[in-house]
Amino acid sequence: MQNRMINKLILGTAQFGSDYGANNERGKVPRKKALLILEQALENGIGFLETAPRYGNSEEIIGEFIKDNKVFFKIISKIPLCKPRDVSAFLKASLSKLNLNNLYGYLVHDFEYFSNDPKLLDELVKLKEQGKVEKIGFSLYYPKELQFLLNKRIKIDIVQIPFSIFDQRFLEYFPVLKDLNVEIHVRSLFLQGFVFKKTGEICDKMSALRPKLGVLHDFSRKLNVPIAAICLNFAVLNRYIDNVIFGVDSKDNLQENVEGLSYLQEIKSIYYELERLKEEDEDIVSTKAWSKSFFS
C-alpha cells in the first residue's frame, strides 16, 4: 500500500528558490541541500516534481540534478505573468534550465493571468499539439475560478488547487472533475505550516481555527501520529485526488513525510472526523492573501 501511495506524491520545489510560505522561518533551501533532497526523492521512488519560474532558481537546481545524475522526473512547471506571444519562449527557457525536451504538465500560474488575457490558453493548446507539453491546466486559488472554467467548458488536463483538513472548498467539484478526466493535484496540505502552530500562538484573525487545530493536535497525541502524517494521508486517502504536492526543507524532512504514509490505516479510522474540521470562512483558509504578519 505504501509503495503504491508513493506514486501519488509530487515534490514541490518552491522552497528551493524562494522563501515560500507565510509561516516559513527557515527561508530558502540552500542549493546543496536542495540537491540532497532531490537525491532522497529519487531513492524513495518519487517520480514527480513541481516547479515554476517564480520559484527563483528552482528550475536550474532541478536541471543540474537531472544532468549530473542522468535521471528522469516528470516535471510540472507554470507560466509566469506574460503576453501570449511570449509563452513559447518561457517554455523554451524552462526546458533549457531543466535540461529537458518536454514537460509532463504546464499550468497557468495564476487564474488572473488568464482572465486578463484568455489567449494564453490558445498558446498552451499549441504547445500540447506540438508535443512540448503532455498536459495543460491551471493553478487555482478559489472555487469561483474553477466554476468559471467549467461554465465556459474550457478543456484542460490538470487543475492544481489548495486542499487540507481545514480547507476543503473544492471538494464538491472532485466528482465533476473526474467525470471530465481532469487530474486533481492538491497543494497547501499544511496550510503553509499553520497546522504545526500551537493553539496559543494563533492570532485573533485565525481564532476560528483554534478549536479545530486543538482537535487535530489531540488526534496526533492519541494516535501517536505526527501532524504532517495526518495532513498528508488525509489528502492521499481521498479517492478523487490524483497527486499530492508537498514541500520540504531537508532530506530528513522528506524522509519523514514518506514514512508518514505508514500511518494510512490510523488516518483512515478518523477520516470522517477530520472531514468535519473544515473551515467555511474562505478569508481564513485561503492562503493567497496571507503574509508573515498574519501570524503575529
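Just so it is clear, the model here is predicted, and its values are computed rather than measured.

Caption draft 1: Structural context of the overall build of the protein chain. Each helix and strand in the protein chain was counted, giving 15 helices and eight strands. In terms of C-alpha radius of gyration, the protein chain reaches 19 Å, essentially the compact-globule figure of 19 Å for 296 residues. Seen through its C-alpha atoms, the protein chain measures out along the principal axes to roughly 55 × 45 × 40 Å. Residues classed as buried in the protein chain amount to 58% of the 296 residues present. Residue pairs in contact within the protein chain that sit at least 24 positions apart in sequence constitute 76% of those at least 6 positions apart. Carbon and sulfur atoms make up 47% of the accessible area of the protein chain, which totals about 13,800 Å². Each charge class in the protein chain was averaged separately, 42 positive and 39 negative side chains, and the resulting centres sit 2 Å apart.

Caption draft 2: Up close: the pattern of salt bridges. The full count for this structure, using the stated rule, is twelve salt bridges. Notably, a salt bridge pairs K78 with E50, separated by 2.8 Å at the nearest N-O pair. A residue pair is termed long-range when its members are at least 10 positions apart, and K78 in strand β3 (residues 74–79) and E50 in strand β2 (residues 48–50) qualify at 28 residues. Residue D242 is joined to K178 by a salt bridge in which the shortest nitrogen-to-oxygen separation is 2.5 Å. Of this pair, D242 sits in the loop between α11 (227–236) and β8 (243–247) while K178 sits in helix α9 (residues 174–179), and the two are 64 residues apart along the sequence. Salt bridges here are not isolated pairs; linked through shared partners, they connect D167, R169 and E282.

Caption draft 3: Quick peek at the environment of G45. With respect to the secondary-structure elements, G45 resides in the loop between α3 (31–43) and β2. For G45 and I6, which are 39 residues apart along the polypeptide, the C-alpha to C-alpha distance reads 6.9 Å.

Caption draft 4: Region of interest: the nonpolar core. Core analysis: the largest hydrophobic core is formed by 94 residues, its most contacted members being L11, F166, L216 and L274. Looking at which element gives the most residues to this core, the answer is α11, with nine residues. In contact with F166, other than residues within four places in its own chain, are L191, F194, V195, L209, K212, L213, L216, L277, K278, E279 and V285.

Caption draft 5: Structural context of the packing of helix α5 (residues 87–98) against helix α7 (residues 119–129). At a closest axis distance of 9 Å, the pairing of α5 and α7 adopts a crossing angle of 50°. Considering their axes alone, α5 and α7 lie oblique with respect to each other. In this structure, α5 uses V87, S88 and L91 to contact α7, whose residues at the interface are L120, E123 and L127. Along the lines of polarity and charge, the residues of the contact of α5 with α7 split into four nonpolar, one polar and one charged.

Caption draft 6: A look at α7. Those residues of α7 lying buried are L120, L121, E123, L124 and L127. For α7, the angular spread of buried residues about the axis comes to 155°, placing them on one side. Facing away from the buried surface of α7 by more than 90 degrees, the exposed residues are K119 and E129. Here the buried face of α7 lies against β3, α5, β4 (103–108), α6 (111–116) and β5 (133–139).

Caption draft 7: Quick peek at helix α4 (residues 58–69). Helix length check: α4 (twelve residues) gives 17 Å between terminal C-alpha atoms against 16 Å at 1.5 Å per residue, within 8%. For α4, every residue scored as buried is listed here: S58, E59, I61, I62, G63, F65 and I66. One or two residues past the end of α4 sits K70, with phi positive at roughly 50°.

Caption draft 8: Just the sheet that holds β4, in detail. On the basis of which strands lie adjacent, the closed barrel formed by eight strands has the order β1-β2-β3-β4-β5-β6-β7-β8 and parallel pairing. Strand after strand, the sheet turns through a mean of 30° between neighbouring axes, direction not considered. As paired strands, β2 and β3 are joined by three bridges and run parallel to one another. Within β3, the position partnered with L49 by the bridge is I75. Packed on one face of the sheet, α7 meets β3, β4 and β5 and runs near 160° to β5.

Caption draft 9: Just the packing of α3 against helix α12 (residues 251–259), in detail. It is at 8 Å that the axes of α3 and α12 come closest, and there the two elements cross at 25°. Classed by the angle they form, the pair α3 and α12 counts as roughly parallel. Crossing of α3 against α12: the hand is right-handed. Mapping the contact onto sequence places L36, I37, Q40 and A41 in α3 and K251, L254 and Q255 in α12. Residues of the contact of α3 with α12, tallied by class, amount to four nonpolar, two polar and one charged.

Caption draft 10: Fine view of the environment of L149. With respect to the secondary-structure elements, L149 resides in helix α8 (residues 143–151). Residue classification places L149 among the buried positions, given a relative accessible area of 3%. For L149 and F111, which are 38 residues apart along the polypeptide, the C-alpha to C-alpha distance reads 9.9 Å. Residue contacts for L149: discarding those within four places in its chain leaves F111, F114, F138, L140, I154 and I156.

What counts, and where the lines are drawn
- Residues numbered from 1 in each chain as written.
- Predicted model: local features only at pLDDT ≥ 70, side-chain atom pairs only at ≥ 80, totals over all residues.
- Heavy atoms only, no water.
- Helix = DSSP H or I, 4+ residues; strand = E, 2+ residues; numbered from the N terminus.
- Rg over C-alpha atoms; globule rule 2.2 N^0.38 Å.
- Buried < 20%, exposed > 50% of the residue type's maximum accessible area, 1.4 Å probe, protein only.
- Contact = heavy atoms within 4.5 Å.
- Areas by Shrake-Rupley, 256 points an atom, 1.4 Å probe, with all protein chains shown as cover.
- Lys, Arg positive; Asp, Glu negative; His and termini not counted.
- Charge placed at Lys NZ, Arg CZ, Asp CG, Glu CD.
- Salt bridge = Lys/Arg side-chain N within 4 Å of Asp/Glu carboxyl O.
- Core = buried A, V, L, I, M, F, W, Y, C linked by side-chain atoms within 4.5 Å.
- Axes fitted to C-alpha atoms, helices over the stretch in contact; angles between N-to-C directions.
- Parallel < 35°, antiparallel > 145°, perpendicular 65-115°, else oblique.
- Nonpolar A, V, L, I, M, F, W, Y, C, P; charged D, E, K, R; others polar.
- Arc of directions from axis to C-beta.
- Expected span 1.5 Å × (residues − 1).
- Pairing = 2+ DSSP bridges.
- Left-handed = near helix turned anticlockwise from the far one by under 90°.

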